[in-house]
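# Commentary on secondary and tertiary structure
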Amino acid sequence: MANIKKIAVLTSGGDSPGMNAAIRSVVRTCAYLRIVCVGIYRGYEGMIEGDFEPMNARSVNNIINKGGTILKSARSKEFRTKKGREKAFEQLGFSLIDAFVVIGGDGSFTGALKFNKEFDVPFIGIPATIDNDIYGTRYTLGFDTALNTAIEAIDKIRDTASSHRRLFFVEVMGRDVGHIALHSGLGAGAEEILIPEEEFGLERLLKSLKRSKARGKTSSIVVVAEGDKTKGKNVYELKEYVEKNLPIYDVRVCVLGHMQRGGAPSCFDRVLASRMGVKAVESLVEGKTNFMTGIIDNQITLTPISEAIKGKTKIDKELIRVSDIMTT
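Thresholds applied
Numbering of residues starts from 1 in every chain and runs along the sequence as written. Given that this is a predicted model, residues contribute local features only at a pLDDT of at least 70 and side-chain atom pairs are listed and counted only at 80 or more, while totals for whole chains, interfaces and linings are drawn from all residues. The side-chain numbers reported here are obtained from all heavy atoms of the structure, hydrogens and water having been left aside. Helical segments are the DSSP runs of H or I of at least four residues, strand segments are the runs of E of at least two, and each set is numbered from the N terminus. Take the number of residues in a helix, subtract one, and multiply by 1.5 Å to get its expected span. Each residue is assigned to one of three classes by its accessible area relative to the maximum for its type, calculated with a 1.4 Å probe on protein chains only: buried under 20%, partly exposed between the two thresholds, exposed over 50%. Whether two residues are in contact is decided by their heavy atoms: any pair within 4.5 Å suffices. In this description, strands pair whenever DSSP reports at least two bridges between them. Axis definition: a line fit to C-alpha positions, over the contact stretch in the case of helices; interaxial angles, taken between N-to-C directions, run 0 to 180 degrees. In summary, the pairing rule links any two rings of Phe, Tyr or Trp, Trp by its six-membered ring, whose centres are within 6.5 Å, and it sorts them by plane angle into stacked for under 30 degrees, edge-to-face for over 60 and tilted for everything else.

### Some thoughts on helix α4 (residues 106-119)
Its 14 residues place the ends of α4 20 Å apart at the C-alpha level, agreeing with the 20 Å of an ideal helix rising 1.5 Å per residue. Considered for burial, the residues of α4 that qualify are Ser 108, Phe 109, Gly 111, Ala 112, Leu 113, Phe 115, Asn 116 and Phe 119. Tucked into the core, α4 has its buried residues touching α2 (43-49), α3 (82-94), β4 (99-104), β5 (123-127), β10 (291-296) and α10 (305-310). Of the residues one or two after α4, Asp 120 is the one with positive phi, at around 60°.

Laid out in structure tokens, this is it:
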């Protein structure tokens, strides 16, 4: 058991639904174990500036249902420098902070790992990113909520597509991975799904749309991950390509953008955040450091941060197979 008396918690990188639920879990687990908890505002930038505030069980009342993060978030250029990290270490020392929990993505974890190697401050990471692109966990905080947001939006777009007999390209988030596109496209019954991991090609896209038209469909939805570049074309170029080669379609583009990162977290994300927060604090008390909490086979697990950063998530081939069958 480590002699942990004070733990800090911060959120870093892009915001994600479920971050507040994770903050709440960390704070209340500390209160349960009689450990002092401190909130760090604005991520590593706040750590450098000493922007700390004591937190207790009452500090996190009524935040489990809120999107975003009450501790705010920022990407700190200064923390990437040795001098910036030295300032952060000094601030933690002034406040007698023994360890910290960082809620964020791989960039946040990379910074924490470097900081630990230089100054030996224990930490545990909680994965929070809607892209679900962190190795070592089946789900990251915010992914389920983002899916529900995307599904709701696509359902509404389909109403307009059907009313006006249009083809809609709907772009969802997913710069490097297509988890949101694949899941939401399958769940919304999209006619085609384009993701970075699979190069389906333009001919397949045209063939699929022609087949849909031949079967009497008067409208279609194509879900596109923002990182997909089918034959080097972005979503607007895909629109132009289809208009040129299939003039029978009236084509529109809808980019969902940052609306997918906001909103109240789903029940799944709230429960997952609560479980991960408890695991993070208990792990620090047990003397563990440089790990990331995760969920695999419905069990909360720990993965070394170095593996989480270097590893890559894999797209679910079974979902691709099911999608192919559904669009036949």
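Back to the text.
### With respect to the sheet that holds strand β6 (residues 166-172)
On the basis of which strands lie adjacent, the open sheet formed by four strands has the order β7-β8-β6-β9 and parallel pairing. Only two strands of the sheet have a single partner each, and these edge strands are β7 (192-194) and β9 (250-255). Strand-to-strand twist of the sheet, defined as the mean angle between neighbouring strand axes without regard to direction, takes the value 20°. As judged from the three bridges shared by β7 and strand β8 (residues 220-225), these two strands associate in the parallel manner. When the sheet's bridge partners are listed, Glu 192 is paired in β8 with Val 222. The sheet strands contacting helix α7 (residues 202-214) are β6, β7 and β8, and the helix crosses β8 at an angle near 155°.

### Side note on the packing of aromatic side chains
For the coordinates displayed, the defined rule picks out eight aromatic pairs. Between the aromatic rings of Tyr 44 and Phe 79, the centroid separation amounts to 4.0 Å while the plane-to-plane angle is 10°, which identifies the pairing as stacked. Of this pair, Tyr 44 sits in helix α2 while Phe 79 sits in the loop between β3 (52-55) and α3, and the two are 35 residues apart along the sequence. Taking relative accessible area as the criterion, Tyr 44 reaches 5% and is therefore assigned buried. Here the aromatic rings of Phe 100 and Phe 123 are separated by 5.5 Å at their centres, their planes lie at 15°, and the arrangement is stacked. One end of the pair, Phe 100, is in strand β4; the other, Phe 123, is in strand β5, and 23 residues separate them in sequence. Classification of Phe 123 by relative accessible area gives buried; the value is 0%.

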